[in-house]
Amino acid sequence: MKTRITELFGIRHPIVQGGMHFVGLADLAAAVSNAGGLGVITALTQRTPELLEKEIARCRDMTDQPFGVNLTFLPTFSAPPYAEYIQAIVEGGVRIVETAGRSPEEYMPAMKAAGIKVIHKCTSVRHALKAERIGCDAVSVDGFECGGHPGEDDVPNMILLPRAADELSIPFVASGGMADARSLVAALALGADGINMGTRFVATKEAPVHQNVKRAIVAATELDTRLVMRPLRNTERVLKNAGVQKILDIERDKGEQIQISDILEQVAGVYPKVMVDGEMDAGAWSCGMVAGLIDDIPSVRELIDRIMADASHLIGQRLCRILGSEQMPEDSVAP
Ligand SMILES: Cc1cc2nc3c(=O)[nH]c(=O)nc-3n(C[C@H](O)[C@H](O)[C@H](O)COP(=O)(O)O)c2cc1C
């Protein structure tokens, strides 16, 4: 499959692994890139720019394929040293950055001067258009169903993706709810140039997280996520658990008066407890509704190969058959 995304990033398959706190380490990024997708290291999981540089070097030892780094601009008072993280990315020789959170406008000159291709993750058409205007090379469009921060507009991908296709000139990947060949083919049909997956990649052999996390995703259905921090306008879709229920109770009790300090225990420092120690009730960790479509823990290569093979079959067989057999490419006609 050749799309504007495979061309832009020099990858074999139009599949991107979204940045994920405490999941997007070199091990997973290298596995995705080796399997023909775009693996992404999550910068802020590395406590300092120096540690990020080491993680980039570790990834390069494991793959000679292109990979990227995710830089998430957090809504925090004590901002991480973003300029220094960008310096570490440049010095590490990485030429693809996935930005997320706030607009990356302030850092575009530095990234562009270093020849970096920027894909910005956004949850609305207006933010995607802004990303295009400030010089991003691509966007990742995250629908309401996504794991993590879906924004505050609540527009699901069935609407958001064709709206993005109608408005954007730059390539974009569909993000949120993507799990298999059906997702990929549907995303392409809706106008995207590929897919970005988060939750699906957590439940793979190479994801460097506790087995409890993978099991929890496999066990979860599409009904098992919750939205937290909505009253703070920092909505996050997470897997339900005892800690998350506590947040929801506090949100209900405090109403409009709620402050981040009221739920700090359940939202801050939770990732190492969940991802490293496997404490599944510790609090809020991102997980998409797509958990309902995930029922195994394959290797990354098995997953990506399966998606690509099934997508060929889906397009060449099922869709062509619907149009009539004369439309079927000869090499994919079933006996
Ligand atoms: C465990 C987990 C952690 C995540 N952490 C981040 C993050 O640090 N930065 C970011 O930009 N996106 C983060 N995301 C969002 C993903 O990159 C991706 O956009 C999202 O998972 C797509 O939706 P899906 O889970 O339905 O595939 C995270 C997602 C998950 C599941």
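It should be emphasised that the depicted structure is a prediction, and the values quoted were computed from it without experimental measurement.

(A) Structural detail: helix α7 (residues 157–167). Those residues of α7 lying buried are N157, L160, L161 and A164. Along the axis of α7, the buried residues cluster in a sector spanning 95°; they form a single face. Against the buried residues of α7 lie α6 (125–133), β6 (138–142), β7 (172–175) and α8 (181–189).

(B) How the structure looks around the site of the ligand. Around the ligand, 29 residues are found, and the nearest of them are G18, A100, G147, G198 and G288. Taken together, the elements giving at least two residues each to the shell around the ligand come down to β3 (67–73), β8 (195–197) and α9 (199–202). With three residues, the top contributor of residues to the shell around the ligand is α9.

(C) Representation of the domain arrangement of the chain. You can read the domains of the chain as domain 1 (4–204) and domain 2 (221–286). Look at where the C-alpha atoms of domain 1 and domain 2 centre, and you get two points 24 Å apart. The interface is formed by eleven residues belonging to domain 1 together with nine residues belonging to domain 2. Considered class by class, the residues forming the side of domain 1 that touches domain 2 number five nonpolar, five polar and one charged.

(D) Examining the packing of helix α2 (residues 26–34) against helix α3 (residues 49–62) more closely. The N-to-C vectors of α2 and α3 enclose an angle of 35°; their axes lie 9 Å apart at closest approach. The interaxial crossing formed by α2 with α3 has right-handed handedness. Touching A26, A29 and A30 of α2 are E55, R58, C59 and M62, all from α3. Looking at the contact of α2 with α3, its residues break down into five nonpolar, no polar and two charged.

(E) Layout of the pairing of β3. With six of its seven residues buried, β3 lies for the most part within the structure. The sheet contact formed by strand β2 (residues 39–42) and β3 spans four bridges and is parallel. Among the inter-strand pairings, V40 is bridged to a residue of β3, identified as G68. The parallel pair β2 and β3, bridged by α3, forms a crossover whose chirality is right-handed. Both β3 and strand β4 (residues 96–101) contribute to a ladder of five bridges, which runs parallel. Its bridge partner being in β4, F73 is matched across the sheet by G101.

(F) Quick look at the environment of I258. Its place among the elements puts I258 in the loop between α11 (242–254) and α12 (264–267). Linking I258 and P231, residues 27 residues apart in sequence, is a C-alpha distance of 7.3 Å. In this view, I258 contacts P231, L232, I250 and E251; residues no more than four positions away in its chain are not counted.

(G) Spatial organisation of the environment of R163. Summarising the element assignment, R163 is placed in helix α7. What makes R163 partly exposed here is the crowd of 17 C-beta atoms within 10 Å. In this structure, the C-alpha to C-alpha distance between R163 and G198, residues 35 residues apart in sequence, is 22 Å.

(H) Fine view of helix α10 (residues 211–219). Among the residues of α10, V213, A216 and I217 are the ones counted as buried. One side of α10 holds all its buried residues, which, seen down the axis, span an arc of 100°. Every exposed residue of α10 that faces more than 90 degrees away from the buried side is listed here: Q211 and A219. As for α10, its buried residues are in contact with α9, β10 (236–239) and α13 (270–276).

(I) Inspection of the sheet that holds strand β5 (residues 117–122) at higher detail. What the eight strands build is an open sheet, ordered β1-β8-β7-β6-β5-β4-β3-β2; its pairing is parallel. In this open sheet, the two edge strands, each paired with only one partner strand, are β1 (15–17) and β2. Mean inter-strand twist for the sheet, computed between neighbouring axes without regard to direction, equals 30°. Across two bridges, β7 lies against β8 in parallel orientation. Bridge assignment links S175 to a residue of β8, and that residue is N196. Each of β1, β2 and β3 touches α2; the most contacted strand, β2, lies at about 165° to it.

Quick notes on the rules
- Residues numbered from 1 in each chain as written.
- Predicted model: local features only at pLDDT ≥ 70, side-chain atom pairs only at ≥ 80, totals over all residues.
- Buried ≥ 20, exposed ≤ 12 C-beta atoms within 10 Å, placed from the backbone.
- Helix = DSSP H or I, 4+ residues; strand = E, 2+ residues; numbered from the N terminus.
- Arc of directions from axis to C-beta.
- Contact = placed C-beta atoms within 7 Å.
- Near = placed C-beta within 6 Å.
- Domains from an automatic or database assignment.
- Nonpolar A, V, L, I, M, F, W, Y, C, P; charged D, E, K, R; others polar.
- Axes fitted to C-alpha atoms, helices over the stretch in contact; angles between N-to-C directions.
- Left-handed = near helix turned anticlockwise from the far one by under 90°.
- Pairing = 2+ DSSP bridges.
- Right-handed = clockwise from strand over helix to strand, strands pointing away.

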